[in-house]
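# Results of the structural survey
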Amino acid sequence: MTMSESSSFAGGWKVEHLLSDALRPIEPPERLSGRLEDTLSAVTQAAAEELSEWAEELSESELRALRDPRNWVRPVAAIGAGSAAAGALLVLEIRRRSHQQAKGRLRSLADRLR
Amino acid sequence: MSAQDNVEPASLDPEAKAELDRAFEDLYRAHLRDVYSYAYYRVGNPHDAEDLTEQAFLQAYRHFDRARRESDGRPLRPWLIRIAHNLASNYYRDRSRRPQTSLEESADPIPARHGTEAIAEGREKLREVIAHLDRLPDDRREALIMRFALGMDNREIARALGRSDGATKVLIHRAIKQLQEEMSDDDE
């Protein structure tokens with residue numbers, strides 16, 4: 001090790017020593033622990049309440065009914081009917097647009113012929 | 001990502017959730033000071049440091065189950081500090097600001113127990129090191145905060161910064177060397 005490397009090494013230790021003194025861990029204020037614990041309990045309680053409210057909203061008979069696949073026919077039929085209605089509306093809209101386009105094309109053809 | 005990865009504490013069965021909450025409480029008690037110290041040295045004032053610490057623990061709680069499963073028994077402190085590190089970065093980005101108070105102004109480097117008249121020169125030296133630390137590039141300063149304020153080893157710092165062990169060793173070495181050179185220049 002050369003003289004300059006040796007002094008650089010010693011300087012490194014000195015800086016580390018100074019850093020250890022300067023960057024001391026900082027104790028959080030007392031109020032922070034209380035605040036954090038309150039927030040965390042509020043979060044867990046809110047999540048638990050949300051789950052229990054959802055479960056309470058359904059009566060026991062509704063829950064039983066939901067578990068029975070025979071009762072799935074009605075919602076499936078409702079979804080099917082909804083889809084059919086949406087499809088019908090779509091067909092009507094396409095027809096209306098093509099009718100208007102045809103009328104537009106006829107009008108411009110008539111204009112050109114004049 | 002499997003469906004299980006998205007499990008939040010509230011959706012676990014009550015027994016598992018109680019066990020998870022106890023483990024989180026242990027983690028929280030063991031590392032509240034680390035997270036707060038890191039936040040304080042990053043943002044430079046106690047008020048924002050408290051907010052950042054609270055946000056870090058809330059986010060940690062949300063992902064604690066998954067982090068514990070993926071840690072394979074390794075300590076979770078680097079993961080916690082990484083959360084605080086990312087939140088601190090977002091804090092500056094969102095508010096387009098640097099610390100309201102620099103390290104130099106905020107951190108009183110002289111703890112009360114050093115309160116003797118013989119310490120005057122040491123006090124000046126500590127202020128000097130803090131002032132130089134404040135001017136280091138972000139990654140070097142953050143690594144030194146983790147090493148000296150939190151006492152983290154190279155491997156922990158590497159995990160917290162998302163770097164390799166080797167790159168972290170080099171980062172810390174260069175940070176100390178830069179500080180040492182700049183302080184030597186000042187002395188001349």
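Regarding its fold elements, chain B presents eight helices and zero strands. Counting the 188 residues in chain B, one finds 34% classified as buried. Here the contacts in chain B between residues at least 6 apart in sequence split such that 67% fall between residues at least 24 apart.

With that out of the way, let us pick up the overall build of chain A. Scanning chain A from terminus to terminus reveals four helices and zero strands. Order of helices (α) and strands (β) in chain A, N terminus to C terminus: α-α-α-α. For chain A, the proportion of its 114 residues judged to be buried stands at 6%.

On to the packing of helix α1 (residues 14-43) of chain B against helix α2 (residues 46-71) of chain B, then. Residues and elements named next belong to chain B. The geometry of α1 relative to α2 is characterised by a closest axis approach of 8 Å and an angle of 145° between their N-to-C directions. For the crossing formed where α1 meets α2, the hand is right-handed. Contacts from L20, A23, F24, Y28, V35, Y36, A39, Y40 and V43 of α1 reach α2 at P46, D48, A49, L52, T53, A56, F57, Y61, F64, D65 and R68.

With that settled, consider the nonpolar core. Formed by 49 residues in total, the largest nonpolar core has its most connected members in B:V35, B:Y38, B:A39, B:A56, B:A84 and B:V129. Contributions of two or more residues to this core are made by α1 (3-22) of chain A together with α1, α2, α3 (77-95), α5 (120-134), α6 (138-149), α7 (154-161) and α8 (165-187) of chain B. Residue contributions to this core peak at nine residues, all from α1(B). Here this core gathers at least three residues from each of two domains, domain 1 (1-107) and domain 2 (116-188) of chain B. With sequence-adjacent residues up to four places away left out, B:Y38 is seen in contact with B:I81, B:A84, B:I145, B:A149 and B:L150.

This paragraph deals with the packing of α6(B) against α7(B). Residues and elements named next belong to chain B. Their axes nearest at 10 Å, the elements α6 and α7 cross at an angle of 135°. With respect to their mutual orientation, α6 and α7 come out oblique. As α6 packs across α7, the resulting crossing turns out to be right-handed. Residues A143, M146 and R147 of α6 touch α7, and the partners they reach there are I157, A160 and L161. For the contact of α6 with α7, the per-class residue count stands at five nonpolar, no polar and one charged.

Our focus in this paragraph is the interface of chain A and chain B. Across the boundary between the two partners, chain A contributes 27 residues, which contact 32 residues of chain B. Listed by contribution, the elements that provide at least two residues to the side of chain A that touches chain B are α1 and α2 (30-57) of chain A. Considering every element that reaches the side of chain A that touches chain B, the biggest residue donor is α2(A), with 11 residues. Within the side of chain A that touches chain B, the residues separate by chemical class into 16 nonpolar, six polar and five charged.

Here the focus is unusual backbone geometry. Residues and elements named next belong to chain B. Despite not being glycine, D72 shows a phi value in the positive range, around 55°. Residue placement: D72 occurs in the loop between α2 and α3. With 6 C-beta atoms packed within 10 Å, D72 lands in the exposed category.

Turning our attention to the confidence of the model for chain A. Looking at chain A, pLDDT values average 66 and 29% of them are 70 or higher. The low-confidence segment residues 1-7 of chain A, where pLDDT is below 50, has one contact with residues more than four positions distant or belonging to other chains.

Residues and elements named next belong to chain B. Residue position: R174 is located in helix α8. The partly exposed category is assigned to R174, around which 15 C-beta atoms lie within 10 Å. Through-space distance from the C-alpha of R174 to that of R140 is 7.8 Å; in sequence the pair is 34 residues apart.

Glancing now at α1(B). All names here are of chain B. Its 30 residues give α1 an end-to-end C-alpha distance of only 38 Å, which falls more than 12% under 44 Å, the value for a rise of 1.5 Å per residue. Of all the bends in α1, the largest measures some 55° and sits at H31. Of the residues one or two after α1, G44 is the one with positive phi, at around 85°.

Calculation rules
Residues numbered from 1 in each chain as written. Chains lettered and ligands numbered in written order. Predicted model: local features only at pLDDT ≥ 70, side-chain atom pairs only at ≥ 80, totals over all residues. Helix = DSSP H or I, 4+ residues; strand = E, 2+ residues; numbered from the N terminus. Buried ≥ 20, exposed ≤ 12 C-beta atoms within 10 Å, placed from the backbone. Contact = placed C-beta atoms within 7 Å. Axes fitted to C-alpha atoms, helices over the stretch in contact; angles between N-to-C directions. Left-handed = near helix turned anticlockwise from the far one by under 90°. Core = buried A, V, L, I, M, F, W, Y, C linked by C-beta atoms within 7 Å. Domains from an automatic or database assignment. Parallel < 35°, antiparallel > 145°, perpendicular 65-115°, else oblique. Nonpolar A, V, L, I, M, F, W, Y, C, P; charged D, E, K, R; others polar. pLDDT = per-residue confidence, 0-100. Expected span 1.5 Å × (residues − 1). Bend = angle between axes of the 7 residues up to and from the residue.

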